Amino acid sequence: MADKAQLQEAIKTQGEVVRKLKSEKASKEQIDEEVAKLLQFKAQLGGDEGKHVFVLKTAKGTRDYNPKQMAIREKVFNIIISCFKRHGAETIDTPVFELKETLTGKYGEDSKLIYDLKDQGGELLSLRYDLTVPFARYLAMNKITNIKRYHIAKVYRRDNPAMTRGRYREFYQCDFDIAGQYDAMIPDAECLKIVYEILNELDLGDFHIKVNDRRILDGMFAVCGVPDEKFRTICSTVDKLDKMAWEDVKKEMVNEKGLSEDVANRIGEYVSMQGGQDLAEQLLQDPKLSQNKQACAGLTDMKLLFSYLELFQVTDKVVFDLSLARGLDYYTGVIYEAILSQTIPAPAEQNGADEAAVSVGSVAGGGRYDGLVGMFDPKGRKVPCVGVSIGIERIFSIMEQKAETSSEKVRTTETQVLVASAQKNLLEERLKLTSELWNTGIKAEVLYKKNPKLLSQLQHCEETGIPLVAILGEQELKDGVVKLRNVASREEVDVPRADLVDEIKKRTL
Amino acid sequence: MNALGLVSTRLCAGLMCRRSAVNLSSLRFSSGMTLSHIDEEVAKLLQLKAQLGGDEGKHVFVLKTAKGTRDYNPKQMAIREKVFNIIISCFKRHGAETIDSPVFELKETLTGKYGEDSKLIYDLKDQGGELLSLRYDLTVPFARYLAMNKITNIKRYHIAKVYRRDNPAMTRGRYREFYQCDFDIAGQYDAMIPDAECLKIVYEILNELDLGDFRIKVNDRRILDGMFAVCGVPDEKFRTICSTVDKLDKMAWEDVKKEMVNEKGLSEDVADRIGEYVSMQGGQDLAERLLQDPKLSQNKQACAGLTDMKLLFSYLELFQVTDKVVFDLSLARGLDYYTGVIYEAILSQTIPALVSTPAEQNGADEAGVSVGSVAGGGRYDGKCPVWVSALGLRGSFPSWSRRPSHVIPE
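All values derive from a computational prediction rather than experimental measurement. In this numbering scheme, every chain counts its residues from 1 along its sequence in written order. The order in which chains are written sets their letters, starting at A; the order in which ligands are written sets their numbers, starting at 1. This being a predicted model, a pLDDT of at least 70 is required before a residue's local features are given, and a value of 80 or more before pairs of side-chain atoms are given or counted; all residues contribute to the totals for chains, interfaces and linings. By convention in this description, side-chain values take in all heavy atoms of the structure and omit both hydrogens and water.

Draft legend 1. Quick peek at the packing of helix 7 (residues 221-231) of chain B against helix 8 (residues 238-245) of chain B. Residues and elements named next belong to chain B. Orientation of helix 7 relative to helix 8, taken along the N-to-C sense of each, is 110 degrees, at an axis distance of 11 Å. Put simply, helix 7 runs roughly perpendicular to helix 8. Contact residues: R221, L224, D225, F228 and A229 in helix 7; F238, R239, I241, C242 and V245 in helix 8. The residue makeup of the contact of helix 7 with helix 8, split by class, is 7 nonpolar, no polar and 3 charged. Only the contacting stretch of a helix is used when fitting its axis, a line to C-alpha atoms as for every element, and angles between N-to-C directions run 0 to 180 degrees. To qualify as a helix, a DSSP run of H or I must reach at least 4 residues; to qualify as a strand, a run of E must reach at least 2; elements of each kind are numbered from the N terminus. For this classification, under 35 degrees means roughly parallel, over 145 means roughly antiparallel, 65 to 115 means roughly perpendicular, and everything else is oblique. In what follows, a contact means two residues having at least one pair of non-hydrogen atoms within 4.5 Å. Residues were grouped as follows: Ala, Val, Leu, Ile, Met, Phe, Trp, Tyr, Cys and Pro as nonpolar; Asp, Glu, Lys and Arg as charged; and all remaining residues, including Gly, as polar.

Draft legend 2. Structural detail: the environment of Q423 of chain A. All names here are of chain A. Position of Q423 relative to the elements: it lies in the loop between strand 13 (417-421) and helix 15 (427-439). For every residue, the accessible area (1.4 Å probe, protein chains only) is compared with the maximum for its type, and the residue is labelled buried under 20%, exposed over 50%, or partly exposed between those bounds. With relative accessibility at 34%, the residue Q423 sits in the partly exposed group. Separated by 51 residues in the primary sequence, Q423 and E474 place their C-alpha atoms 7.8 Å from one another. Under the rule applied, a polar contact is a pair of N or O atoms within 3.5 Å (in protein, one hydrogen donor and one hydrogen acceptor; residues adjacent in sequence only if both atoms are side-chain atoms). A distance of 2.7 Å separates a polar side-chain atom of Q423 from the backbone nitrogen of E474.

Draft legend 3. Broad picture of the pattern of salt bridges. Take a side-chain nitrogen of Lys or Arg and a carboxyl oxygen of Asp or Glu: if they are within 4 Å of each other, that pair is a salt bridge. If you walk through the whole model with that rule in mind, you get 63 salt bridges over all chains. Where D494 of chain A meets K483 of chain A, a salt bridge forms, and the shortest distance between an N and an O atom there is 3.3 Å. On the criterion of sequence distance, the pair formed by D494 of chain A in strand 17 (residues 492-496) and K483 of chain A in strand 16 (residues 481-486) is long-range, its members being 11 residues apart. We classify D494 of chain A as partly exposed; its relative accessible area is 42%. Note that R239 of chain B is salt-bridged to D225 of chain B, the shortest N-O span being 2.9 Å. Of the two residues, R239 of chain B is situated in helix 8 and D225 of chain B in helix 7; the sequence distance between them amounts to 14 residues.

Draft legend 4. Layout of the interface of chain A and chain B. Contacts between chain A and chain B engage 85 residues on the former and 83 residues on the latter. Counting the surface lost from both chain A and chain B, the interface buries some 7900 Å², and carbon and sulfur atoms represent 58% of this. At the junction of chain A with chain B, the criterion picks out 13 salt bridges. As a salt-bridge pair, R80 of chain B and D93 of chain A come within 3.0 Å of each other at their nearest N and O atoms. Our enumeration of links across chain A and chain B arrives at 36 residue pairs in polar contact (both at pLDDT 80 or more). Here the side of chain A that touches chain B takes 7 residues from helix 15 of chain A, the largest share from any one element. In terms of residue class, the side of chain A that touches chain B is built from 35 nonpolar, 20 polar and 30 charged. Buried area, as used here, totals the accessible surface that two parts lose on assembly, with accessibility defined by a 1.4 Å probe and the loss added over both.

Any link to function would need more than the numbers given here.
Here it is in structure tokens:
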């Protein structure tokens, strides 16, 4: 416990920091952060027995979702999930924490990005940092060899704030994977079809999907003269082409990674190539590449893939791009990345994978990874997988920004009608009618006031976007009607009580 | 000082487990061991093998979820989705919004005073940053959210998983990660209207889930306290006698009376007087009758509670739910933070308790919720929770003595 005098001194100093920031009109986040520190000092100073002062903060890197954000989130999930369902996918869920050893993989290798749970005398646990490891564990645990599953859930990474300002530490991942031994490229093509459909339906503007193949990349490096042991590191350099110019990428290859200029130039020729099925065919004729078994396998599959994509009618947005290198080394075959053409200034590319630097505008990525599940299975049984991860946080940001700039308000409730009254002593009638409406499935609200003013009832509708008001009055009750008012247009019509439900349903389709 | 009136309802997480668990029961009862038992021993075997090590490059994983947690397979997810859809459309039908909060909070937010440790909280390891803990209910995050955003009125539902490091010896079969489904109306309103709507919502949900017959018991903290007073219970024994009365859903009156007299030190007379009251059940009529009761009518608290109970039933009549709602003087819901109406929904058809039933996981710290209980809640008014904000908003400071599962402390 800090010395009382020291605390008081700290409080004084911190108070001045806060006052200064406020007078300088510093950013809200900055001010909040310093205020929180001040309050923390005050809390430490303590108070009377029975008093507790809380610091109003979520943990660093995490945030609440308010009702507006939840409404947007629900909309996005609905679109994505109905697409998965359209393609026959099931879903699973796993615990938020796993045994630490499950996550840290080989030889207890520590990843600094993993949130560990405190050792409280039981098993050592850590928060999941992706949905792929839980998936692999689930498959192995249940001896499943075939499954088409999606999983949408939050994952946790203790990102270093200095390095990744603005990145959330708790964020959604949305994974879709097809596991199982199947004929080549059909499930791979379906994955791409799914990405295509989702991005179309989300209406985020124009996009394209780059595809490549690990075997083509490796084959290309080999024929260009990259030494085997440098494959992976050169791969990550090539990966930077979406953000850096070739000149700089080449510089890194030569100066930092020790390639000769010749080798770098040869790579440069290939990675500038883009196309479709035609490019795959062209490269199969390439004198050097055609000699490389891996490259041939990859190119043959690429041809096959494009023939399926043609049948799936998605080739207008899919591009075979030799510069796509997606940093991770567990992909064993096709790899792909979906990029929005209209780039919105990033907060943080959080497509969830461990790859460093995903390009701005990137909203989905994935590929084939045949070796992962085998790592978990005690007998090493292989379960080939192909999948995609949708950058859902990115999509939320984009949709939230769209909502802000749009004139249309985002509703946080789905209420169709408010049951109201202009006169006093009609609470009972209001409650009765509201209950009748609920019983028929109509979404209705009533103010929790015995005698509310009509104006405040109308205001509630305007604030929350309720489109209709059902107004009760002495005369209306005598006549057996309800005054149904359109909040926006202010048009009113008397509706017989018996027809009210139908009338409301008609108007709020 | 703003009084923040809150009425809340919690739906038992065990609800869906109950359904899927029924299918598993035959499997469990046929073999001597349970599936989870077998899995546990296999896991131990694999762990030993893993320790033996293997070749360079091979890593043997122990195929296990953490103790007290489990995966949801596609069938369970399909059931879960169905249940959530029913519940959520009911909430939406009543104009509720939803929020979400992070899975972990600052440890100090959860532990209340001066770092008081709750052994049930999962802490995160101190990795050099803030001290964090996994949320163990949805009420504390709710309270923090309201205060952080200076919200005084909201009707919100929140369905999410919470985490409790239950002692396995004590609570065999309990999950440590489980769903909570909370619905709360916060704000200052005219008496009993939101309370009635909460009950209407519980009624609608249980009807639509088609779980068979059910009933909802209601009572009121003020009526209970008034009753204890007129029966002659000393003030300081109110809470402890309350928890004894609470056991009436599981124990016969004879045994409850024994506990009151032998363990809690009440005289037989006092216990008998309590016995007369707690056997009473009824509707609006019972509330009216008790308002005429010579003893109770002298007690201010009881009168306030009974008057509100009358009012509540008049609204429940309009909401057409009185066929399943019962004013039951024996309902005592162990916690002492409810300030007004309390209620509990109970399924008539009780499914035999299965080994791993999370039935008693209504989330609250209350010991022993009766089998068949699927929802519970009540009114918990208090001074505006004191969260010191950037504007220096100060009210009275709440004392978080016990951590009730879903209530903002006074």
